[in-house]
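Analysis of the macromolecular model
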Number of protein chains: 2
Amino acid sequence: MKQPRPKKLARAVARYRALGDETRLRILHLLVGGEVCVCDLAAQLDITQPLLSFHLKTLRDADLVRARRDGRWTHYSVDPGALEELGGSLSALVREHRKRSTLAVKCC
Amino acid sequence: MKQPRPKKLARAVARYRALGDETRLRILHLLVGGEVCVCDLAAQLDITQPLLSFHLKTLRDADLVRARRDGRWTHYSVDPGALEELGGSLSALVREHRKRSTLAVKCC
DNA sequence: TTATTTAATCAACGGTCTTTTATATGTCAA
DNA sequence: TTGACATATAAAAGACCGTTGATTAAATAA
């Protein structure tokens, strides 16, 4: 498989890193059903408000979620694009592995 | 989407965390063509030997790669199972999002 | 305006992860 | 056996991340 472009690699790293936290993965699952406001997320997560805000920012910075302000409230939703890109590159990696593993290239 | 089982969630977190590092993602891409020995990985990565060993252990602990000893050398290869499980849960998340996002559930 | 509510930001602490240097283990060749 | 080579492990330092408590900003209600 050709080596990933630096830019793309860095983006993938940032996204995997964002996914590598239990609270953030939970948030993502809460959002998968559609937009949820921060107040409702807070009600289900049992963490302090600033901490939730921090995790949401982390997910935002990785483009995994989007925020929409509506008066006093802010609604978050998943950004399917980033997830698809990640899932796609994972699948491609597995496919590539399958294809090449039959060829049994010797190394040392 | 139903909330993920604690055990499965923890495994996913550990794996995303393992993927959330540039060196380790590089290693995975180097391995996708088939088994590679540590010496060849070292030649392509420009990091110290103990550090490479550390990253390989991290990937092993996440079940993302397997090690096979062959005399003096150790060959690493990707473990497709873990990658498939990750990719699958990502795709499921995206699919679920697509399905539900048309229903537009109101929150606050 | 003033008070209240929702959410984001800041500073600081503690813990975990990465990185380095040094050492150990295991395997083969001489 | 001894020496050389390939890789793993240990200990310590530094950087980074998650968490908390206090504060701020923005929007509405009184």
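These remarks concern the structure in this document. The structure displayed is predicted, hence computed values, not measured ones.

Let us look at the pairing of strand β2 (residues 65-70) of chain A. Residues and elements named next belong to chain A. The pairing of β2 with strand β3 (residues 73-78) spans 6 bridges and is antiparallel. Note that in β3 the partner of Arg68 across the bridge is His75. Hairpin connection, β2 to β3: the antiparallel pair is bridged by 2 residues, and Gly71 has positive phi, about 65°.

Time to look at the environment of B:Leu19. All names here are of chain B. Turning to its location among the elements, Leu19 is positioned in helix α1 (residues 6-19). A tally of 25 C-beta atoms within 10 Å means that Leu19 is categorised as buried. Linking Leu19 and Arg68, residues 49 residues apart in sequence, is a C-alpha distance of 21 Å.

Moving on, we get to the relation of the copies chain B and chain A. Mapping chain B onto chain A calls for a screw motion: a turn of 180° about the axis and a shift of 0.0 Å along it, with 0.1 Å RMSD after fitting. In symmetry terms, the pair is related by a two-fold rotation axis.

What follows deals with the interface of chain B and chain A. Between chain B and chain A, the residue contacts involve 45 residues of the former and 45 residues of the latter. Mapped onto the side of chain B that touches chain A, the elements with two or more residues apiece are α1, α2 (22-31), β1 (36-37), α3 (38-45), β3 (73-78) and α5 (80-101) of chain B. Per-element tally for the side of chain B that touches chain A: the top contributor is α5(B), with 14 residues. Considered class by class, the residues forming the side of chain B that touches chain A number 26 nonpolar, 10 polar and 9 charged.

Right, let's get into the protein's contact with DNA strand C. Near DNA strand C there are 23 residues, and of these A:Val38, A:Cys39, A:Pro50, B:Pro50 and B:Gly71 occur at the shortest range. Those elements that provide at least two residues to the surface near DNA strand C are α3 (38-45), α4 (49-61) and β3 of chain A together with α4 (49-61) of chain B. In terms of residues, the surface near DNA strand C owes the most to one element, α4(A), which gives 6 residues. Classifying every residue of the surface near DNA strand C gives 12 nonpolar, 7 polar and 4 charged.

What surrounds DNA strand D is a group of 23 residues, the closest being A:Pro50, A:Gly71, B:Val38, B:Cys39 and B:Pro50. Those elements that provide at least two residues to the surface near DNA strand D are α4 of chain A together with α3, α4 and β3 of chain B. Residue contributions to the surface near DNA strand D peak at 6 residues, all from α4(B). Partitioned by chemical class, the residues of the surface near DNA strand D number 12 nonpolar, 7 polar and 4 charged.

Okay, the nonpolar core next. In terms of nonpolar packing, the biggest core is built from 48 residues, with A:Leu64 and B:Leu64 touching the most fellow members. At the level of secondary structure, the elements contributing two or more residues to this core comprise α1 (6-19), α2 (22-31), β3 and α5 (80-101) of chain A together with α1, α2, β3 and α5 of chain B. Setting aside residues no more than four positions away along its own chain, B:Leu64 makes contact with B:Arg15, B:Ala18, B:Leu28, B:Leu59, B:Val78, B:Asp79, B:Ala82 and B:Leu83.

On to the sheet that holds strand β1 (residues 36-37) of chain A, then. Residues and elements named next belong to chain A. The strand order across the open sheet built from 3 strands is β1-β3-β2, with neighbouring strands paired in antiparallel fashion. Looking at strand neighbours, the two that pair on one side only are β1 and β2, the edges of this open sheet. Relative to the sheet, α2 contacts β1, β2 and β3, its axis offset from that of β3 by approximately 90°.

Rules used throughout
- Residues numbered from 1 in each chain as written.
- Chains lettered and ligands numbered in written order.
- Predicted model: local features only at pLDDT ≥ 70, side-chain atom pairs only at ≥ 80, totals over all residues.
- Pairing = 2+ DSSP bridges.
- Helix = DSSP H or I, 4+ residues; strand = E, 2+ residues; numbered from the N terminus.
- Buried ≥ 20, exposed ≤ 12 C-beta atoms within 10 Å, placed from the backbone.
- Least-squares fit on C-alpha atoms with pLDDT ≥ 70 in both.
- Contact = placed C-beta atoms within 7 Å.
- Nonpolar A, V, L, I, M, F, W, Y, C, P; charged D, E, K, R; others polar.
- Near = placed C-beta within 6 Å.
- Core = buried A, V, L, I, M, F, W, Y, C linked by C-beta atoms within 7 Å.
- Axes fitted to C-alpha atoms, helices over the stretch in contact; angles between N-to-C directions.

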